[in-house]
Amino acid sequence: MLPDLNDFHRMLGDIWQSKALTNCGPLHQQLERELQCYLDVPTAMLFNNGTIALLVALKLFDLPIGSEVITTPLTFAATAHAITWNGLKPVFVDVLPHTLTLDPAAVVKAITPRTSAILGVHVYGNVCEIEALECISKQYNLRLFFDAAHAFGVTVNGRSIASYGDASAFSFHATKLFNTLEGGLLATNRPEDAEIIYHLRNFGIKNEEEVVSVGINGKLNEMQAAIGLLNLPLVEEEKRSRAGLKQKYRELLNDLPGIQLPPEQQGVTSSEQYFPIVVDPATFGCTRDDLYDELKARQIFARKYFHPICTDFDPYKGFPIYSVRDTPFVDIIKNRVLCLPYHSGVDDTDLSDIISVFYNKNI
Ligand SMILES: *Cc1c(COP(=O)(O)O)cnc(C)c1O
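In this numbering scheme, every chain counts its residues from 1 along its sequence in written order. Only residues with pLDDT of at least 70 are given local features in this predicted model, and only at 80 or more are side-chain atom pairs given and counted; all residues enter the totals for whole chains, interfaces and linings. Side-chain metrics in this entry use all non-hydrogen atoms of the structure; hydrogen atoms and water are not considered.

(A) Quick peek at the overall build of the protein chain. Only runs of H or I of at least four residues qualify as helices and only runs of E of at least two qualify as strands under DSSP, and these elements are numbered from the N terminus. Looking only at helices and strands, one finds 13 helices and 15 strands in the protein chain. For the radius of gyration, the atom set is restricted to C-alpha positions; the globular benchmark scales as 2.2 Å times the number of residues to the power 0.38. In terms of overall size, the protein chain behaves like a compact globule, its C-alpha atoms giving a radius of gyration of 21 Å where 363 residues would be expected to give roughly 21 Å. Each principal axis of the C-alpha distribution contributes one length, and for the protein chain these read about 70 × 55 × 40 Å. Burial analysis of the protein chain (363 residues in total) assigns 54% to the buried set. The contact criterion used is simple: two residues touch if any of their non-hydrogen atoms lie within 4.5 Å. Sequence-distant contacts, at least 24 apart, represent 70% of the contacts inside the protein chain between residues at least 6 apart. The accessible surface values rely on the Shrake-Rupley method and a 1.4 Å probe; as for residues, cover is taken only from the protein chains in view. Summing over all exposed atoms, the protein chain offers an accessible surface of approximately 16400 Å²; the carbon and sulfur share of this is 51%. The sign given to each residue is positive for Lys and Arg and negative for Asp and Glu; His and the chain ends receive no count. Note that the charge is assigned to NZ on lysines, CZ on arginines, CG on aspartates and CD on glutamates. The distance from the centre of the 31 positive side-chain charges to the centre of the 43 negative ones in the protein chain is 3 Å. Three labels apply to residues, based on accessible area from a 1.4 Å probe with only protein chains included: buried if under 20% of the type maximum, exposed if over 50%, partly exposed otherwise in between.

Following this line, the structure appears as structure tokens:
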């Protein structure tokens, strides 16, 4: 999603005039206020990307070095890396078949005396089993974090997704629906966190002579803030357009045996970021990879999010996946899930091209 180029030129003019390029300039402050309002959460702090926001989320509570953080392998590599970069150990557990989020029963199975936190991912905007995870984290005295990179603007029974757990990190990368080219945000439910995060985002600097924490450089610059200010008002229309596309996908793919459509969760508003389908090869007659290849041959770029999964990557190879099943469900689903093109640029001709691949079984 890109704003009108003339609007961006006009804002660049303002930046040139002010000569404030970064370090929480006026546009950064304005965007942060608007996002705090949009996400309806006491503390909402902008970051230069979602990964650094996640890194700082885990840094907030001084978790013991080497302690274990339970997470899902069905996510972007940054989720696991943020744990590792904090000197902590990712422990991977299975996902639920319906929402593909952390399986709470598997989480309990993975808890040891060294566990310090749980990091859930609202993958594809599917909301984690928040209540169950909150219960577990209370019972075992663990911190609870969420990677909300896919869940911008999601509400659960009217409550903002950003307000759950100890902290939530969002990504405003160019590939996400709302973007600041690169960018991110850290949200917490405690107003007093704002000052701590403010320092952590800027090397721990409190004033010209005091450094109060081991901070990092997580600052977003004024050009990126300008893009964010121009993109934010465009979000609703993009979401409406995608919701229309989703409706058509649902109607056209609904009767296909072996194709499972994304879940609709009670009381949850959609982030409209992804349209993940699950292909059961035995019933459908060909595999997810066959579909992916055939779409690609026609210049249609679906994505195998998330395949490979984190435990397939070199740094995490050999890490077990805790599960309450004989075979972790995530090892099956990683070969079956496919995110179809999902944005306002997909017109009816594109749509019929995409759909025709599903009905042409001679792949
Ligand atoms: C995009 C993404 C991130 C990383 O965000 P960046 O802004 O690119 O650093 C983290 N987790 C998930 C699940 C993502 O999709």
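(B) A look at the environment of Glu 238. Tracing the sequence through the fold places Glu 238 in helix α9 (residues 235-253). A relative accessible area of 9% places Glu 238 in the buried class. Separated by 83 residues in the primary sequence, Glu 238 and Ile 321 place their C-alpha atoms 37 Å from one another. Non-local contacts of Glu 238, meaning those with residues more than four positions away in its chain, are made with Met 1, Leu 177, His 343 and Ser 344. For Glu 238, the side chain forms a polar contact with the side chain of Ser 344, separated by 2.6 Å. Polar contacts here mean pairs of N or O atoms no more than 3.5 Å apart (in protein, one a potential hydrogen donor and the other a potential acceptor; neighbouring residues in sequence count only if both atoms are side-chain atoms).

(C) Inspection of the environment of Ile 52 at higher detail. Tracing the chain through its elements places Ile 52 in helix α3 (residues 50-59). Judged by its relative accessible area of 15%, Ile 52 is buried. Note: C-alpha distance between Ile 52 and Ser 137 (85 residues apart in sequence) is 24 Å. With sequence-adjacent residues up to four places away left out, Ile 52 is seen in contact with Phe 47, Ile 216 and Gly 218.

(D) A look at the site of the ligand. As a structural note, the neighbourhood of the ligand is formed by 14 residues, with Gly 50, Thr 51, Asp 147, Ser 171 and Lys 176 the closest of them. The backbone of Gly 50 places a nitrogen or oxygen atom 2.8 Å from an oxygen atom of the ligand. The contact in question runs from an oxygen atom of the ligand to an N or O atom on the side chain of Thr 51, over 2.6 Å. Here the ligand has 380 Å² of accessible area as a free molecule, and 92% of this is covered by the chains. At the level of elements, α3 and α4 (77-85) are the ones that each hand at least two residues to the shell around the ligand. Nearness is judged by heavy atoms alone; a residue qualifies as near a molecule or strand once a single heavy atom is within 4 Å of it.

(E) Summary view of the pairing of strand β8 (residues 167-171). Within β8, 5 of the 5 residues are buried, leaving the element largely enclosed by the surrounding structure. Neither face of β8 is exposed, since Ala 167, Ala 169 and Ser 171 on one face and Ser 168 and Phe 170 on the opposite face are all buried. For two strands to be treated as a pair, DSSP must find no fewer than two bridges joining them. Two elements, strand β5 (residues 143-147) and β8, share 3 bridges in a ladder whose sense is parallel. The residue bridging Phe 145 from the neighbouring strand is Ala 167, located in β8. Sheet analysis places β8 next to strand β9 (residues 184-188), joined by 4 bridges and oriented antiparallel. Across the sheet, residue Ser 171 finds its bridge partner in β9, namely Gly 184.

(F) Spatial organisation of the sheet that holds strand β2 (residues 68-71). Taken in spatial order, the 8 strands of this open sheet run β1-β9-β8-β5-β4-β2-β3-β14, and their pairing is mixed. Lying at the two open borders of the sheet, with one neighbouring strand each, are β1 (43-47) and β14 (321-322). All axes here are fitted lines through C-alpha atoms, helices being fitted over the stretch that makes contact, and every angle between N-to-C directions spans 0 to 180 degrees. Helix α2 (residues 26-39) rests against β1, β8 and β9 of the sheet, and its axis sits at about 135° to β1.

(G) Broad picture of the pattern of salt bridges. For this analysis, a salt bridge means a side-chain nitrogen from Lys or Arg found within 4 Å of a carboxyl oxygen belonging to Asp or Glu. Evaluation of the coordinates by the stated rule reveals 16 salt bridges. For Lys 317, the salt bridge goes to Asp 314, with nearest N and O atoms at 3.1 Å. For the pair Lys 317 and Asp 314, one class covers both residues: exposed. In the salt-bridge network here, residues are joined through shared partners; they are Arg 143, Asp 166, Arg 190 and Asp 193.

(H) Spotlight on the side chain of Arg 201. Topologically, Arg 201 is positioned in helix α7 (residues 193-201). Using a relative accessible area of 1% as the deciding quantity, one classes Arg 201 as buried. A polar contact is formed between the side chain of Arg 201 and the backbone oxygen of Leu 46, at a distance of 2.7 Å. Non-local contacts of Arg 201, meaning those with residues more than four positions away in its chain, are made with Cys 24, His 28, Glu 32, Met 45, Leu 46, Phe 47, Ile 216, Asn 217, Gly 218 and Lys 219.

(I) The arrangement of the sheet that holds strand β13 (residues 276-279) in detail. With antiparallel pairing, the 3 strands of this open sheet are ordered in space as β12-β13-β15. A strand with exactly one partner marks an edge of an open sheet, and here the two such strands are β12 (259-260) and β15 (337-339). The pairing of β12 with β13 spans 2 bridges and is classified as antiparallel. Looking at β13, one finds that Ile 259 is bridged to Val 279. Lying on the sheet, helix α11 (residues 288-297) is in contact with β12, β13 and β15; it crosses β15 at an angle near 25°.

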